[in-house]
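Structural features, examined
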Amino acid sequence: MKRIFLVLIIFQLSACSELQQVVNQLPNGGISNAQIANGLKEALQKGISKKVNLLAVKDGFFKNEMVKILLPDELKKVDNTLRKIGLSKIADEGLKVLNRAAEDAVGEAIPIFVDAIKGMTFTDAKAILFGDKNAATTYLKNKTSLALYQKFNPIINASFKKVGADVIWANLISKYNNLPLTKDVNPDLTDYVTNQALKGVFTMVEVEEKEIRTNVNERTTDILKRVFALQD
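Now for a description of the structure that goes with this document. Note that the coordinates shown come from a computational prediction; the quantities given were computed from them, not determined experimentally. (Residues numbered from 1 in each chain as written. Predicted model: local features only at pLDDT ≥ 70, side-chain atom pairs only at ≥ 80, totals over all residues. Heavy atoms only, no water.)

1. Section: the environment of Lys161
Along the chain, the position of Lys161 falls in helix H7 (residues 135-162). Sequence separation of Lys161 and Ala101 is 60 residues, and the distance between their C-alpha atoms is 9.4 Å. (Helix = DSSP H or I, 4+ residues; strand = E, 2+ residues; numbered from the N terminus.)

The following block contains the structure:
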């Protein structure tokens, strides 16, 4: 047991030593743990806020094919059936209002992301910097998903009422359920759109993380250049 413990200590010291060697080889001398953590926080906070803000405007979801919210499987048959009987316009509006609700909610994501980023330790930062290409996205998913769901869900529910989505979809579903030979549907659209909004947010976070990691033009300060030189 003592030998195993000793090996673990040596391994940890070796890992720190290797990191420090890399750091020492950087131009203009070394870079501290705090600088590494702060540089990564700065990059993530600015970049992610920029991308999430793009979702929080009109058509931020609806006209972005990467994150556009489509109908759940249960409602695809509703949509197809209504189009066949000449109700394409109301079906199109039903899809649009789902995306409008997500656009209303997403602006609330930024403060939650900022808090998660501010709480990042050097150990977190090092794991992200030298981790998988989506390590920051994974970190933020783990830290924020529950809080984001709890924040988004009531906003999306309220947005449905504001934009008339509740009336539109009640009408759509009612028309479908009244057709002969159809099986009644009653989906929880608030839960569905909340989860799709979360999926869209993290899709854009991952896009921004790739930009931060690979595009040197995104490194607009000396500290960012030095920090990301570590993972290049």
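That shown, we press on.
2. Points about the pattern of salt bridges
Side chains bearing opposite charge may pair, as long as their charged atoms lie close to each other. For the coordinates displayed, the defined rule picks out seven salt bridges. In this structure, Lys46 and Glu42 form a salt bridge, with 3.4 Å as the shortest nitrogen-oxygen distance. With Lys46 and Glu42 both in helix H2 (residues 33-55), this residue pair falls four residues apart, about one helical turn. Residue class for Glu42 comes out partly exposed when judged on its relative accessible area of 22%. (Salt bridge = Lys/Arg side-chain N within 4 Å of Asp/Glu carboxyl O. Buried < 20%, exposed > 50% of the residue type's maximum accessible area, 1.4 Å probe, protein only.)

3. With respect to the nonpolar core
The biggest cluster of nonpolar side chains holds 64 residues, and the ones touching the most others in it are Phe113, Leu140, Phe152, Trp169 and Val193. Of the residues forming this core, the biggest block, ten residues, is contributed by helix H9 (residues 189-214). Phe152 has contacts with Ala105, Val106, Ala109, Thr194, Ala197, Leu198 and Val201, leaving out every residue within four places of it along the chain. (Core = buried A, V, L, I, M, F, W, Y, C linked by side-chain atoms within 4.5 Å. Contact = heavy atoms within 4.5 Å.)

4. A few points about helix H5 (residues 109-118)
The buried fraction of H5 is high, at seven of ten residues. Those residues of H5 not exposed but buried are Ala109, Ile110, Ile112, Phe113, Val114, Ala116 and Ile117.

5. What about the environment of Asn153?
For Asn153, the position within the fold is in helix H7. Judged by relative accessible area, which is 22%, Asn153 ranks as partly exposed. Taking C-alpha positions, Asn153 is 8.0 Å from Ala105, a pair spaced 48 residues apart along the chain. Beyond its immediate sequence surroundings of up to four residues, Asn153 is in contact with Thr190, Asp191 and Thr194. A polar contact is formed between the side chain of Asn153 and the side chain of Thr194, at a distance of 3.2 Å. (Polar contact = N/O pair within 3.5 Å; in protein donor to acceptor, adjacent residues only side chain to side chain.)

6. Some words on unusual backbone geometry
Even without a glycine there, the phi angle at Asp59 is positive, about 75 degrees. Here Asp59 shows up in the loop between H2 and helix H3 (73-84). With relative accessibility at 17%, the residue Asp59 sits in the buried group.

7. Thoughts on the side chain of Glu209
With respect to the element layout, Glu209 can be found in helix H9. With a relative accessible area of 3%, Glu209 lands in the buried category. Polar contacts involving the side chain of Glu209 include one to the main-chain amide nitrogen of Ala136, which spans 2.9 Å. Ignoring any residue separated from it by four or fewer positions in sequence, one finds Glu209 in contact with Asp132, Lys133, Asn134, Ala135, Ala136 and Thr137.

8. Digging into helix H10 (residues 222-229)
Along H10, the positions that sit buried rather than exposed are Ile223, Leu224, Arg226, Val227 and Phe228. At its buried positions, H10 is contacted by H2, helix H6 (122-129) and H9.

9. Comments concerning the side chain of Thr190
Turning to its location among the elements, Thr190 is positioned in helix H9. By relative accessible area, Thr190 is classed as buried at 11%.

10. Re the packing of H2 against H5
Axes are the key here: two packed helices are described by the angle between their axes and the distance separating the axes. Contact geometry for H2 and H5: axes closest at 10 Å, N-to-C directions at 170 degrees. The pairing of H2 with H5 is recorded here as roughly antiparallel in orientation. Of the two elements, H2 crosses H5, and the hand of that crossing is right-handed. When H2 is examined against H5, the residues Lys41, Leu44, Gln45, Ile48, Ser49, Val52 and Asn53 are found in contact with a partner set consisting of Ala109, Ile110, Phe113, Val114, Ile117 and Lys118. When grouped by side-chain class, the residues that make up the contact of H2 with H5 number eight nonpolar, three polar and two charged. (Axes fitted to C-alpha atoms, helices over the stretch in contact; angles between N-to-C directions. Parallel < 35°, antiparallel > 145°, perpendicular 65-115°, else oblique. Left-handed = near helix turned anticlockwise from the far one by under 90°. Nonpolar A, V, L, I, M, F, W, Y, C, P; charged D, E, K, R; others polar.)

11. With respect to the packing of aromatic side chains
The relation between two aromatic rings is expressed through the spacing of the ring centres and the mutual angle of the planes. For the structure shown, the criterion picks out one aromatic pair. Relative to Phe202, the ring of Phe113 lies with its centre 5.9 Å away and its plane at 80 degrees, an arrangement referred to as edge-to-face. Taken together, the positions of Phe113 in helix H5 and Phe202 in helix H9 put the pair 89 residues apart, joining distant regions of the chain. For the pair formed by Phe113 and Phe202, the shared burial category is buried. The ring of Phe62 has Lys68 sitting right over it, with the charged end atom 4.6 Å from the ring centre. (Phe/Tyr/Trp six-rings, centres within 6.5 Å; stacked < 30°, edge-to-face > 60°. Lys NZ or Arg CZ within 6 Å of the ring centre and 35° of its normal.)

Just distances and angles here, no functional claims.
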